[in-house]
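Chain by chain, the residues run as shown.
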Amino acid sequence: MKLVMVVSRVRLAWGYSIRYAGASAAQPALPLPPPTSIVGFYAEPLARLAGLPEKGPRSVISLLAGAVYAAAAGLDPGGRVGVAVYADATRILSLVFQRKRKEWQKYAWAVQSMGAAYAPGATLYLALLLDAEKAARSLGLATGRLIEALQAAGWRLGAKEGLAAPVETIAGEPVGSTGEYESILYQDSRAASHTRGTVVEVDMWGLEALTRRSPTPSYRVFMVPASPESTPSLILPPYEPAAFTPRSGRRAYCLEEAPEGLCVAAETG
């Protein structure tokens, strides 16, 4: 096993739209990209390199997901822009759902709430922890070529309109520990417990959503380091990293080549 951690600092154009799975009429948006969207961010350049599709059972995301142990995101403490979640009221054609209803003509149009996370010019850190050798074998690539492709990073988060320009990407072998650690990246509540500093709790799904075939993933709490003025729908950059402790059977992995505070807890054994 060759454990590698890839960390990218990206600047957003306007934000991104990643909506809660399972929603119908109202479609609220997540304030930060979940682990699955981060895998998708790094999978895009691999799709071109390996000549594989982005979706389906033999897609790059499906093959890459089997080698990923953790993925996380966090706002740059040095940034001046946070993330605000907002929903726009949009007029939609609902005629196809109303034809068996009496006086269906009255209900031909409806209003739908479409959510998005707005963060123009904001800077995010994205991190991916994976077994590079396993991923390379699955994709039919040399390990070194895979790491080079991951460092090329992607160009979007969520929907294709969520443009994200990589400013810097670093890859290397992480250092693992079982003691307290500091991070600006959100942490899965199943992998770590919060010890100090300010965090905002956000319900998201984990990496298992990429391998399970259920249409609606299971949600759990992710702890997002943020400033004390933050709320779940308005997350401002943290003044400093928050502190966490890995849960039993987990370890914290930090990339020494990257700035301090870029650590994520995961189970790799």
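Residues numbered from 1 in each chain as written. Predicted model: local features only at pLDDT ≥ 70, side-chain atom pairs only at ≥ 80, totals over all residues. Heavy atoms only, no water.

**Student:** Quick question: what am I supposed to make of the packing of aromatic side chains here?
**Tutor:** One pair of aromatic rings is described through two measures. These are the centre distance and the angle between the planes. By the definition in use, this model includes six aromatic pairs. Taken together, a centroid distance of 5.6 Å and an interplanar angle of 55° make the contact between Trp14 and Tyr118 tilted. Here the residue Trp14 occupies a position in the loop between strand 1 (3-12) and strand 2 (15-16), and Tyr118 occupies one in strand 6 (residues 109-118), the gap between them amounting to 104 residues. You can call Trp14 partly exposed: its relative accessible area is 28%. When the centroid spacing of 5.4 Å and the interplanar angle of 80° are considered together, the rings of Tyr186 and Phe222 count as edge-to-face. Taken together, the residues Tyr186 in the loop between strand 10 (181-183) and strand 11 (187-188) and Phe222 in strand 14 (residues 220-225) connect sequence positions 36 residues apart. Taken together, Tyr20, Trp205 and Tyr219 form an aromatic cluster joined through their ring pairs. (Phe/Tyr/Trp six-rings, centres within 6.5 Å; stacked < 30°, edge-to-face > 60°. Helix = DSSP H or I, 4+ residues; strand = E, 2+ residues; numbered from the N terminus. Buried < 20%, exposed > 50% of the residue type's maximum accessible area, 1.4 Å probe, protein only.)

**Student:** Hey, could you run me through the sheet that holds strand 13 (residues 199-204) in this one?
**Tutor:** Sheet strands line up and pair through hydrogen bonds in the backbone, either parallel or antiparallel. Strand order across the open sheet formed by three strands is 11-14-13, with antiparallel pairing between neighbours. The open sheet is flanked by strand 11 and strand 13, the only strands paired with a single partner. (Pairing = 2+ DSSP bridges.)

**Student:** Would you mind going over the confidence of the model for the protein chain with me for this structure?
**Tutor:** In regions of low pLDDT, the predicted coordinates are not meant to be interpreted in detail. Predicted confidence across the protein chain gives a mean pLDDT of 87, with 87% of residues reaching 70 or more. Averaged over each element, pLDDT in the protein chain is lowest for strand 3 (residues 26-27) (73) and highest for strand 11 (98). (pLDDT = per-residue confidence, 0-100.)

**Student:** Please explain the packing of helix 1 (residues 35-50) against helix 4 (residues 143-152) as it appears in this structure.
**Tutor:** Axes are the key here: two packed helices are described by the angle between their axes and the distance separating the axes. In contact at an axis separation of 8 Å, helix 1 and helix 4 are set at 130° when each is read in the N-to-C sense. By the angle between their directions, the pair helix 1 and helix 4 is classed as oblique. Like other packed secondary-structure pairs, helix 1 and helix 4 cross with a definite hand, here right-handed. Contacts between helix 1 and helix 4 pair Tyr42, Pro45, Leu46 and Leu49 from the former with Arg145, Leu146, Ala149 and Leu150 from the latter. For the contact of helix 1 with helix 4, the class distribution of residues is seven nonpolar, no polar and one charged. (Axes fitted to C-alpha atoms, helices over the stretch in contact; angles between N-to-C directions. Parallel < 35°, antiparallel > 145°, perpendicular 65-115°, else oblique. Left-handed = near helix turned anticlockwise from the far one by under 90°. Contact = heavy atoms within 4.5 Å. Nonpolar A, V, L, I, M, F, W, Y, C, P; charged D, E, K, R; others polar.)

**Student:** I keep staring at the packing of helix 3 (residues 132-139) against helix 4 and nothing clicks. Help me out?
**Tutor:** For the pair helix 3 and helix 4, the least separation of the axes is 9 Å and the interaxial angle reads 100°. When the axis of helix 3 is compared with that of helix 4, the two are roughly perpendicular. On the side of helix 3, the interface is formed by Ala132, Glu133, Ala135, Ala136 and Leu139, while helix 4 contributes Thr143, Leu146 and Ile147. Tallied by class, residues from the contact of helix 3 with helix 4 come to six nonpolar, one polar and one charged.

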